[in-house]
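# Tertiary structure, described
Here is what each chain is made of, one letter per residue.
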Amino acid sequence: MSACIFGHANMPFEPILSRHRDVMISPADNYKGFTDLATAQVEGTDYRVHVRANVGSTVAVIAPHGGSIEQYTSDVARDVAGADFNLYMFEGIRHAGNYAALHLTSHRFDEPRCLELLSSCDHVVALHGCAGDVQQALVGGLDEPLKAAVAKAIADLGIDTRLRGHQFPATDPKNICNRGRRGVGVQIEMTMALRLHGPREAISAAIRSVLLALATV
Ligand SMILES: [Zn+2]
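Residues numbered from 1 in each chain as written. Predicted model: local features only at pLDDT ≥ 70, side-chain atom pairs only at ≥ 80, totals over all residues.

Okay, the overall build of the protein chain next. Secondary structure summary: the protein chain contains 8 helices and 7 strands in total. When burial is assessed residue by residue, the protein chain has 44% of its 217 residues classed as buried. Within the protein chain, counting contacts between residues at least 6 apart in sequence, those at least 24 apart form 81% of the total. (Helix = DSSP H or I, 4+ residues; strand = E, 2+ residues; numbered from the N terminus. Buried ≥ 20, exposed ≤ 12 C-beta atoms within 10 Å, placed from the backbone. Contact = placed C-beta atoms within 7 Å.)

Following this line, the structure appears as structure tokens:
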């Protein structure tokens, strides 16, 4: 499973799988939870988990599809958290096929170290990446005030930012962004175009400024 076949013209399976991931069944689509993922994939070889708890903070910044699963979401999460907030990243580190093998969908994401961290947090911001040729940020989750503040901060950068009417509402209570101790959180989906060509550092700083203001209230 972990052999690197990416780029071999005579073995086109993985490139095809990733190109048509919306219509093809990938292994990760069958995972009912982290236990299934952990049975099929190897920590340290296929994925790694990074937790940096910050005892003084009740804010968590998470990238549940980090590393090579949804590119650049780890970078944004790390920058948003800085040295101030709790940070959790589940990162794909396979040579290829990270999304297909490791994308445990958000309402089934129950990795124990993440749940443990969130159990002591009031505010959760989850960073994700979605497809899309237009630079957009699609904001969801059940934490309405924080959603609005984060969306405004990103929109103020001149980025097309949507709070509703998009395909990632993240209103399922089991969505990992809503599993902090208040049962609400924020999910930010960044399109591929935004992650590749947008002002990632400015986006991180904007989200971070909202969370810093929150922490001092
Ligand atoms: Zn995601």
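After that view of the structure, there is still more to cover.
Put simply, side chains in a regular strand alternate between the two faces of the sheet. In terms of residue burial, strand β7 (residues 186-191) counts as a mostly covered element, since 6 of its 6 residues are buried. Here β7 shows a buried face lined by Val 186, Ile 188 and Met 190 and a second buried face lined by Gln 187, Glu 189 and Thr 191. In the sheet, strand β4 (residues 123-130) pairs with β7 via 6 bridges, with the strands oriented parallel. Within the sheet, the bridge partner assigned to Val 125 lies in β7 and is Val 186. Sheet topology places strand β5 (residues 136-140) next to β7; 4 bridges connect them, and they run antiparallel. Bridge assignment links Ala 137 to a residue of β7, and that residue is Met 190. (Pairing = 2+ DSSP bridges.)

To continue, consider the environment of Ala 77. When you line up the elements, Ala 77 lands in helix α3 (residues 73-81). Taking the number of C-beta atoms within 10 Å as the measure of exposure, Ala 77 has 27 and is therefore buried. It is 9.9 Å that separates the C-alpha atoms of Ala 77 and Pro 64, two residues lying 13 residues apart in sequence. With near-sequence residues (within four places) excluded, Ala 77 lies in contact with Val 61, Ile 62, Ala 63, Gly 66, Leu 87, Met 89 and Leu 127.

This paragraph deals with unusual backbone geometry. For Tyr 72, which is not glycine, the phi torsion reads 75° and is therefore positive. Inspection of the secondary structure puts Tyr 72 in the loop between β2 (59-67) and α3. Not every positive phi belongs to a glycine, and Ala 170 is a case in point at roughly 55°. Examined against the element boundaries, Ala 170 turns out to sit in the loop between β6 (160-162) and β7.

Moving on, we get to the sheet that holds β5. Across the sheet, 7 strands lie side by side as β1-β3-β2-β4-β7-β5-β6; this open sheet has mixed pairing. Strand pairing shows two members of the sheet lacking a second neighbour, β1 (47-52) and β6, which therefore form its edges. Each strand of the sheet is rotated relative to its neighbour by a mean of 15°, with strand direction disregarded. In this structure, β1 lies alongside strand β3 (residues 86-92), joined through 6 bridges in antiparallel fashion. Paired with Val 49 across the strands is Phe 90, a residue of β3. On top of the sheet, α3 reaches β2, β3 and β4; it is set at about 165° to β2, its chief contact. (Axes fitted to C-alpha atoms, helices over the stretch in contact; angles between N-to-C directions.)

Before going further, it helps to examine the environment of Asn 98. You can see Asn 98 is positioned in helix α4 (residues 98-102). Residue class for Asn 98 comes out buried when judged on the 25 C-beta atoms lying within 10 Å of it. Expressed as a C-alpha distance, the spacing of Asn 98 and Glu 70, which sit 28 residues apart in the sequence, is 8.6 Å. For Asn 98, the residues in contact, after removing those within four places along its chain, are Gly 67, Ser 68, Ile 69 and Gly 92.

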